[in-house]
Amino acid sequence: MNHSTKYIFVTGGVTSSLGKGIISASLAKLLQARGYKATIQKLDPYINIDPGTLNPYEHGECFVTDDGAETDLDLGHYERFLNVPTSQANNVTTGKIYQSVINKERKGEYLGKTVQIVPHITDEIKRCIKILGSPNQYDFVITEIGGTVGDIESLPYIEAVRQMKWEKPEDVLVVHLTLIPYLSAAGELKTKPTQHSVKQLLEFGVQPDILVCRTEHELTPAVRTKVAKFCNVVPQAVIQSIDASTIYDVPLLMLEEGFDTVVLQKLGMKNKRKPDLKKWNQFLDRFKNPKAEVSIGLIGKYVELKDAYKSIAEAFIHAGAENETKVNVQWIHSEDITSKNVAKRLAQLDGILVAPGFGSRGIDGKIEAIRYARENKVPFFGICLGLQCAVIEFARNVLNMKDAHSTEMKEYTPFPVISLMAEQKSISNLGGTMRLGAYPCELIEGSKAHKAYKKTAIEERHRHRFEFNNDYLDMFVEKGMIPTGLNPESGLVEIVEVEDHPWFVGAQFHPEYKSTVAAPHPLFVGFVKAARLESERKQK
Ligand code: GLN
């Protein structure tokens, strides 16, 4: 790398939910496909230190990195697009910024000065952005600023962008994502909200270099010219982002619009080579032309909010494409399942996944669903709490341990088959105190897991407090629930499988976090394959 790191900021205007994460990931993908190294960072303007303590209803899934950071779900998109792991440094919140500044103040590091938003908070923001730029590991650091321009909470971030642009105009670029709504009564696309949003940015001293315009209809040349004129950008820098049938089409749409070319031009970077998207296109081709179809039930308690299981849904897309199979995910609320209706509710499914989760709500339905899958030999995949429920179900219905439970749901149970890890017992703080991040796991040769991974040493990401209670291990093994993945250092059970079943796998870790377009997760691939066999069996 013989140039300084380039910083690209992505801000949002007009409304939230325009898809800044996907636009950022798509741009990074195109730059990567041209041979550059790019990373993406998310700055979140809320005061929580991280989203780890947030209810999924508030903010969707909490994504976990290898180094154990609990982060915004957009980091999942970054990894799925780029196939490069993110870390603590890729997600910064206002809470973290203030915590760090206040800690420095308490240590006397500001030498008696009054500590203020400008320069101290903005300096800390800039430090967190530049961490990724040093020691020159990336050609591009793309920083997505959460929220919408004009929100009180994002002001210090916009000010930090203004300062960085002022300090190094040749290395900094601002992309502003806005909405061009279509008014059906008038039959017209309207540019005024975009004009206003750019004006607002200008009030804060930031002139965007590129406008990405979300729209439901093609932008006419007249609309493009108008936006360019009113917002002081060249017409080529008005990029249309039309609604796509899948997020994985967005990099290709951005390529057609010349988004990456304008970015490179504006930053004075050489157009290294044409983007190599061969693998990406192969994936899209398989995804869009499936040869078979399966129905998989996702049993969880946040099913009305699909963002709560974002990485699982995406992992099914990757594994489906790999199997050339369309995966129809049926979102089933665990509270709706009872012993009476379970057979009827789940009869048409080719596979059953029990989702991660916390607390006792909906547990009974999950256990019923697992019993159904185990007894009827329907492929089953349990993730984290899903594994724990599978262990509870097996204890109750096979080992005759009536009332067996996890101590998370029932502190005093006669059979605590899932219990708190010793090191967790004294912890009272809720933030960042779980078993978090990547841990090694050794697989037993010949197991379903081993067949899926095709190796015995793996590493997977965790996010939980409770564990399989090894005091009961022998009893489980005797009756056919086998630990096929173990932590080589602690002996903790990371995977269980049920013998004499086509595919029954529970994982204590979260495989979904590591599934990407370039590397679909082996366990999801194995599960979809098993579901496909089940669907063929059903059709016979
Ligand atoms: N609540 C369980 C635990 O803390 C499972 C967590 C999860 O599913 N992520 O161990």
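Please refer to the structure higher up on the page.
Here is a short report on the structure shown in this document. (Residues numbered from 1 in each chain as written. Predicted model: local features only at pLDDT ≥ 70, side-chain atom pairs only at ≥ 80, totals over all residues. Heavy atoms only, no water.)

Quick word on helix α11 (residues 278–288)
- Every buried residue of α11 is listed here: W280, F283 and L284. Buried residues in α11, looked at end-on, bunch into an arc of 95°, giving them a common side. Summarising the geometry of α11, the exposed residues directed more than 90 degrees from the buried face are K278 and K279.
- Lining the buried residues of α11 we find α1 (20–33), α3 (74–82), α9 (250–256) and α12 (310–322). (Buried < 20%, exposed > 50% of the residue type's maximum accessible area, 1.4 Å probe, protein only. Helix = DSSP H or I, 4+ residues; strand = E, 2+ residues; numbered from the N terminus. Arc of directions from axis to C-beta. Contact = heavy atoms within 4.5 Å.)

Details of a nonpolar patch on the surface
- A contiguous nonpolar surface patch, about 330 Å² in accessible area, is contributed by Y98, I102, I117 and V118.
- Mapped onto the nonpolar patch, the elements with two or more residues apiece are α4 (94–106) and α5 (117–130).
- With respect to the secondary-structure elements, I117 resides in helix α5. (Patch = residues over 30% accessible without salt bridge, like charges linked within 9 Å, V, L, I, M, F, W, Y side chains within 5 Å. Areas by Shrake-Rupley, 256 points an atom, 1.4 Å probe, with all protein chains shown as cover. Salt bridge = Lys/Arg side-chain N within 4 Å of Asp/Glu carboxyl O.)

So, the environment of C231
- Inspection of the secondary structure puts C231 in the loop between α8 (221–230) and β11 (238–242).
- C-alpha of C231 to C-alpha of H196: the two residues are 35 residues apart in sequence and 9.2 Å apart in space.
- In this structure, C231 is in contact with T194, Q195, V198, Q207 and L211, ignoring residues within four places of it in sequence.

Here we look at the site of the ligand
- Taken together, P356, G357, F358, C384, L385, Q388, E408, R463, H464, R465, F466 and H510 make up all the residues around the ligand.
- F466 has a polar backbone atom sitting 2.8 Å from an oxygen atom of the ligand.
- Within the side chain of H510, a nitrogen or oxygen atom sits 3.2 Å from a nitrogen atom of the ligand.
- Coverage of the ligand by the protein amounts to 99% of the 300 Å² it exposes when considered alone.
- Here the shell around the ligand is composed, by residue class, of 5 nonpolar, 4 polar and 3 charged. (Near = heavy atom within 4 Å. Polar contact = N/O pair within 3.5 Å; in protein donor to acceptor, adjacent residues only side chain to side chain. Nonpolar A, V, L, I, M, F, W, Y, C, P; charged D, E, K, R; others polar.)

A look at the packing of aromatic side chains
- In this structure the tally under the stated criterion is 20 aromatic pairs.
- Between the aromatic rings of F81 and W280, the centroid separation amounts to 5.1 Å while the plane-to-plane angle is 55°, which identifies the pairing as tilted. Highlighted residues: F81 in helix α3 and W280 in helix α11, separated in sequence by 199 residues.
- According to the relative accessible area criterion, W280 is buried, its value standing at 4%.
- Here F381 and F524 contribute two aromatic rings whose centre-to-centre distance is 5.1 Å and whose plane-to-plane angle is 70°, an arrangement assigned as edge-to-face. Of this pair, F381 sits in strand β15 (residues 380–383) while F524 sits in helix α18 (residues 522–539); the two residues are 143 residues apart in sequence, bridging distant segments of the chain. Each member of the pair, F381 as well as F524, is classed as buried.
- One aromatic cluster in this structure is built from F81, Y248, W280, F283 and F287.
- One residue, R435, lies across the ring of Y439, its end atom 4.5 Å from the ring centre. (Phe/Tyr/Trp six-rings, centres within 6.5 Å; stacked < 30°, edge-to-face > 60°. Lys NZ or Arg CZ within 6 Å of the ring centre and 35° of its normal.)

Re the sheet that holds β11
- Reading across the sheet, the 7 strands line up as β5-β2-β6-β1-β7-β10-β11 and stay open at both edges, with parallel pairing between neighbours. In this open sheet, the two strands that pair with only one neighbour each are β5 (91–93) and β11. Each strand axis lies, on average, 20° off the axis of its neighbour in the sheet, ignoring direction.
- The pairing of strand β2 (residues 38–44) with strand β6 (residues 140–145) spans 6 bridges and is parallel. From the neighbouring strand, I40 faces β6, where its bridge partner is I142. (Pairing = 2+ DSSP bridges. Axes fitted to C-alpha atoms, helices over the stretch in contact; angles between N-to-C directions.)

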